[in-house]
Amino acid sequence: MNLHKVIAAVLMTAALAGCAQTEGQQRAGTGALIGGAGGALVGQAIGGNTESTLIGAAGGALLGAVVGSATTPQRRGEQMCRYQDRRGRIYTAPCDDRYYNGDY
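Residues numbered from 1 in each chain as written. Predicted model: local features only at pLDDT ≥ 70, side-chain atom pairs only at ≥ 80, totals over all residues. Heavy atoms only, no water.

Some thoughts on the overall build of the chain
- Within the chain one finds 4 helices and 2 strands.
- Taken from the N to the C terminus, the helices and strands of the chain come in the order α-α-α-β-β-α.
- For the chain, with 104 residues in total, the buried portion stands at 20%.
- Contacts in the chain between residues at least 24 apart in sequence constitute 33% of all its contacts with a sequence separation of at least 6.
- Counting every atom, the chain has about 8,000 Å² of accessible surface; 61% of that belongs to carbon and sulfur. (Helix = DSSP H or I, 4+ residues; strand = E, 2+ residues; numbered from the N terminus. Buried < 20%, exposed > 50% of the residue type's maximum accessible area, 1.4 Å probe, protein only. Contact = heavy atoms within 4.5 Å. Areas by Shrake-Rupley, 256 points an atom, 1.4 Å probe, with all protein chains shown as cover.)

Focus on the state of the cysteines
- Tallying each qualifying case throughout the model produces 1 disulfide.
- Between the sulfur atoms of Cys81 and its disulfide partner Cys95 the distance amounts to 1.8 Å. An S-S torsion of about 95° defines the bridge between Cys81 and Cys95 as right-handed. Here Cys95 lies in the loop between β2 (90-94) and α4 (97-101) and Cys81 lies in strand β1 (residues 80-84), a separation of 14 residues in the sequence. (Disulfide = S-S within 2.5 Å.)

A short note on helix α3 (residues 50-70)
- If you check α3, its first and last C-alpha atoms are 30 Å apart, about what 21 residues at 1.5 Å a residue would give, namely 30 Å.
- Along α3, the residues classified as buried are Thr53, Gly56, Gly60, Gly64 and Gly68. For α3, the buried positions fall inside an angular range of 80° around the axis, keeping them on one side. More than 90 degrees from the buried face of α3, the exposed residues found are Glu51, Leu54, Ile55, Ala58, Leu62, Leu63 and Ala70.
- Looking at the buried residues of α3, the elements they touch are α2 (23-47). (Expected span 1.5 Å × (residues − 1). Arc of directions from axis to C-beta.)

Some remarks on the side chain of Thr53
- Mapped onto the fold, Thr53 is located in helix α3.
- Looking at Thr53, the relative accessible area reads 18%, which means it is buried.
- Side chain to side chain, Thr53 and Gln44 meet in a polar contact 2.5 Å long.
- Sequence-distant contacts of Thr53, that is, excluding residues within four places in its chain, are made with Ala40, Gly43 and Gln44. (Polar contact = N/O pair within 3.5 Å; in protein donor to acceptor, adjacent residues only side chain to side chain.)

A short note on the confidence of the model for the chain
- Put simply, the chain has an average pLDDT of 81, and 72% of its residues get 70 or more.
- Per-element mean pLDDT across the chain ranges from 65 in helix α1 (residues 2-18) up to 91 in α3. (pLDDT = per-residue confidence, 0-100.)

Some remarks on α2
- The end-to-end C-alpha separation of α2 is 35 Å, in line with the 36 Å expected for 25 residues at 1.5 Å each.
- Of the positions making up α2, those classed as buried are Gly24, Ala28, Gly29, Gly31, Gly35, Gly36, Gly39, Ala40 and Gly43.
- Positive backbone phi, at 75°, marks Gly48, one or two positions downstream of α2.

Overview of the pairing of β2
- In this structure, β1 lies alongside β2, joined through 5 bridges in antiparallel fashion. Each bridged residue has a counterpart across the sheet, and for Cys81 the counterpart in β2 is Ala93.
- Hairpin connection between β1 and β2: a loop of 5 residues separates the two successive antiparallel strands, and Gly88 in this loop has a positive phi of roughly 95°. (Pairing = 2+ DSSP bridges.)

Here is the structure:
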């Protein structure tokens, strides 16, 4: 019966990962799936029992989600920069070409 629960959990996670709205969310979901599967395999190989498999799957899913989210490329225009006007006030606005060309 435990195998059926594991299969159902994997299928639900895959379905939810497909519903993500942004590219970052999609990459995090995909990373969690791949990391969880890899962690489960490593946990089973090292410990050889269910507890090790679950710990490996949880750790792999967490690491995969973090890496997938962190490696999402930023599109041009989505970066925010801090500027200072002539009166000394600091404000935040989308970065201009100086940021992208390295002339800041």
